[in-house]
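Fold and contact review
One letter stands for each residue in the lines below.
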There are 2 protein chains.
Amino acid sequence: MRRADFKRKSRVIVVDDNYDHASGIRELINLEQDYEVIANAGNVNVAISLIKKYQPDIVLMDINMPEIDGITAISEIEKLGLKTKIIALTGYDDADLIYRAMKIGAKGYILKTMASAQLIRALDEVTMGKIYLPSVLCSKFFEYFQAAERNEKAYNAAEDEENLLNYLTNREEEVLGLLTEGITYKGVAQQLFISETTVKTHVNNIFQKLQVNDRTQAVLYAINKGFGSRKKAKIA
Amino acid sequence: MRRADFKRKSRVIVVDDNYDHASGIRELINLEQDYEVIANAGNVNVAISLIKKYQPDIVLMDINMPEIDGITAISEIEKLGLKTKIIALTGYDDADLIYRAMKIGAKGYILKTMASAQLIRALDEVTMGKIYLPSVLCSKFFEYFQAAERNEKAYNAAEDEENLLNYLTNREEEVLGLLTEGITYKGVAQQLFISETTVKTHVNNIFQKLQVNDRTQAVLYAINKGFGSRKKAKIA
DNA sequence: CTTAAACTAAATCTTTAGATTTAGAACTTA
DNA sequence: TAAGTTCTAAATCTAAAGATTTAGTTTAAG
């Protein structure tokens, strides 16, 4: 899986507040013909300026660091929008950490306790544009991921008892749609080419069907039930 | 990784509309001392009633089936709330399919083209409560997952230009909080033990700061900016 | 052919909402 | 101490919002 010799070495920056550990990794990586460590960083701020300056191919990021944590650091680096790929590195296989690191864009995640072969393997895979997560960690990730999804579902299911929106007529839905954009009776009347009194009639019917007393409550009900789903009314 | 002999065999149901393929898997699994296929199902409806009846330990679910697709099927089975673990099975490594299957709770995902050892490995891992996703598919999953997260971020970033909510005073935030529950001036006044005119003053200041004209727009602005974030005002 | 929704609209009336101005008390900061 | 914020409150309006009743069309269902 080694790349041909005529390709330049992949440039790596190691971020770890433990100097000894960083040095160990550096030496380990420099033994490989395909990689070279171009810098070490002992804290996040130094790391970010080095990364901005050198735009390395890969960053090995220790997650457990003082001041700014590694997760935040990854997030910051991702914001730079470089091609730099980040591999997270920790001592423990905390599901939450793995989930968060992968969520914000880490391309790999390995444990410090893993064999050095794992590290090189991770570098190889990530260099080839893949994502590397050892199966143990992969399993951990999914525990967390699926638990999170289940919570989402349970959360939404709670308000799925009965959706009063289903009782609305087409016209009433249209009117409600305009209400959820913060438009007045007059405005709705103009947009639908009907009189203001008609709008009032519709709105009153909507209130009764949704069992609310005013437009604010109607709008809140509609939004909570996912009315208009992903459009999110724009104000400003 | 085989379990001790005194433990009963894990009971497996195979769901696949291709009878030959299902039979092949059945024979393959029955060669293992730890597993036995207790039923085959050629379509989703049969599968679900069999699963309800036998509550197997594992379901091997082909995703590409006529009528109801396998993803929906997994979702339906998960809704039953059984201990049954589902392993998805497809011909292609479609990132979207993998993502959706894992998202709704599949405990494993393997390709039909993979060696039979992979299948047994998946059964073993899943039986032990882990999640099994071969590294190739794991990588595919994360491509999709991270792309989805990036889109989320981009979506939210668009309205992060400036959050006018930051200019609100504490009291104004309180008032806005009550407005986002659909409460009237009088109601807010009672809850905060202040006069109605004071509430009006606050509300007017809120309108100016949020650059809106009425409470509906203020509430919409607040919700869009994540005011109260995950609480979602309850009406009804 | 009749019944029942659904959409339309008017009239009337009460209640909130919202704009605007002014101002006192408490607290903070230069 | 003076200036500035924040929270409080009142008075006075105007403009919306909302409740209620009645009623004429149209269209689909029986």
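I will try to describe carefully the structure that is included in this document. The shown structure was predicted, so the numbers you read here are calculated from the model rather than taken from an experiment. Residue numbering note: each chain is counted from 1, following its sequence as written. By the order in which they are written, chains take letters starting at A while ligands take numbers starting at 1. Thresholds applied to this predicted model are a pLDDT of at least 70 for local features of residues and 80 or more for the giving and counting of side-chain atom pairs; totals over whole chains, interfaces and linings are not thresholded and use all residues. No hydrogens and no water enter the side-chain calculation; it runs on all heavy atoms of the structure.

1. Observations regarding the overall build of chain A
Scanning chain A from N- to C-terminus turns up ten helices and five strands. Burial analysis of chain A (236 residues in total) assigns 47% to the buried set. The criterion used for residue contact is that any of the two residues' heavy atoms lie within 4.5 Å. At a minimum sequence separation of 6, the contacts of chain A that also span at least 24 residues come to 65%. In this description, accessible areas are obtained by the Shrake-Rupley approach with a 1.4 Å probe, and a residue is regarded as covered only by the protein chains that are shown. Here chain A displays about 12000 Å² of accessible surface, and carbon together with sulfur accounts for 49% of that area. Runs of E in the DSSP output that reach at least two residues are strands. Runs of H or I that reach at least four are helices, and both are numbered from the N terminus. Exposure is judged per residue with a 1.4 Å probe applied to protein chains only, and the accessible area is read against the type maximum: over 50% gives exposed, under 20% gives buried, and values in between give partly exposed.

2. Remarks on the packing of helix 10 (residues 215–224) of chain A against helix 10 (residues 215–224) of chain B
Angles shown run from 0 to 180 degrees and are taken between the N-to-C directions of axes, each axis being a line fitted to C-alpha atoms and, for helices, limited to the stretch in contact. Close contact between helix 10 of chain A and helix 10 of chain B brings their axes to 9 Å; oriented N to C, the two are set at 25°. When the axes of helix 10 of chain A and helix 10 of chain B are compared, the pair comes out roughly parallel. As helix 10 of chain A packs across helix 10 of chain B, the resulting crossing turns out to be right-handed. Each of Arg215(A), Thr216(A), Val219(A), Leu220(A) and Ile223(A) in helix 10 of chain A lies in contact with helix 10 of chain B, whose residues at this interface are Arg215(B), Thr216(B), Val219(B), Leu220(B) and Ile223(B). Oblique is the label for any angle not covered by the other classes, which are roughly parallel (under 35 degrees), roughly antiparallel (over 145) and roughly perpendicular (65 to 115). Should the near helix be turned anticlockwise from the far one by less than a right angle, the crossing is left-handed, and should it be turned clockwise, the crossing is right-handed.

3. Comments concerning the protein's contact with DNA strand D
Residue proximity to a molecule or strand is established when one non-hydrogen atom of the residue lies within 4 Å of it. Close to DNA strand D lie 18 residues, the nearest being Asn204(A), Thr169(B), Arg171(B), Ser195(B) and His202(B). Of everything in DNA strand D that lies within 4 Å of the protein, sugar and phosphate atoms constitute 70%. Polar contact criterion, stated in full: a pair of N or O atoms within 3.5 Å, where within protein one must be able to donate a hydrogen and the other to accept it, and residues adjacent in sequence count only if both atoms are side-chain atoms. A distance of 3.0 Å separates a phosphate oxygen of DNA strand D from a polar atom in the side chain of Arg215(A). Note that a phosphate oxygen of DNA strand D is positioned 3.1 Å from one of the side-chain N or O atoms of Thr198(B). Counting residues per element, the ones that place at least two in the surface near DNA strand D are helix 8 (185–192) and helix 9 (196–210) of chain A together with helix 7 (170–179) and helix 9 (196–210) of chain B. Charged residues are taken to be Asp, Glu, Lys and Arg, nonpolar residues to be Ala, Val, Leu, Ile, Met, Phe, Trp, Tyr, Cys and Pro, and polar residues to be all remaining types, Gly included. Looking at the surface near DNA strand D residue by residue, the classes come out as three nonpolar, ten polar and five charged.

4. Focus on the protein's contact with DNA strand C
Surveying the vicinity of DNA strand C reveals 18 residues, the closest of which are Thr169(A), Arg171(A), Ser195(A), His202(A) and Asn204(B). Those atoms of DNA strand C that come within 4 Å of the protein belong to sugar or phosphate at a rate of 69%. Taking Arg171(A), its side chain carries an N or O atom lying 2.7 Å from a phosphate oxygen of DNA strand C. Between DNA strand C and His202(A), the relevant distance is 2.8 Å, taken from a phosphate oxygen to a side-chain nitrogen or oxygen of the residue. Of all the secondary structure elements, the ones that give two or more residues to the surface near DNA strand C are helix 7 (170–179) and helix 9 of chain A together with helix 8 (185–192) and helix 9 of chain B.

5. Re the pairing of strand 1 (residues 10–15) of chain B
Residue and element names in this part refer to chain B. Within strand 1, six of the six residues are buried, leaving the element largely enclosed by the surrounding structure. The alternating pattern of strand 1 places Ser10, Val12 and Val14 and Arg11, Ile13 and Val15 on opposite faces, both of which are buried. Only strands that DSSP links by at least two bridges are regarded as paired with each other. By the bridge criterion, six bridges tie strand 1 to strand 2 (residues 35–41) in an arrangement that is parallel. Residue pairing in the sheet places Val14 in a bridge with Asn40 of strand 2. Note on handedness: a clockwise path from strand one over the helix to strand two, with the strands aimed away from the viewer, defines a right-handed crossover. Between strand 1 and its parallel partner strand 2, the chain crosses via helix 1 (residues 19–30), and the hand of that crossover is right-handed.

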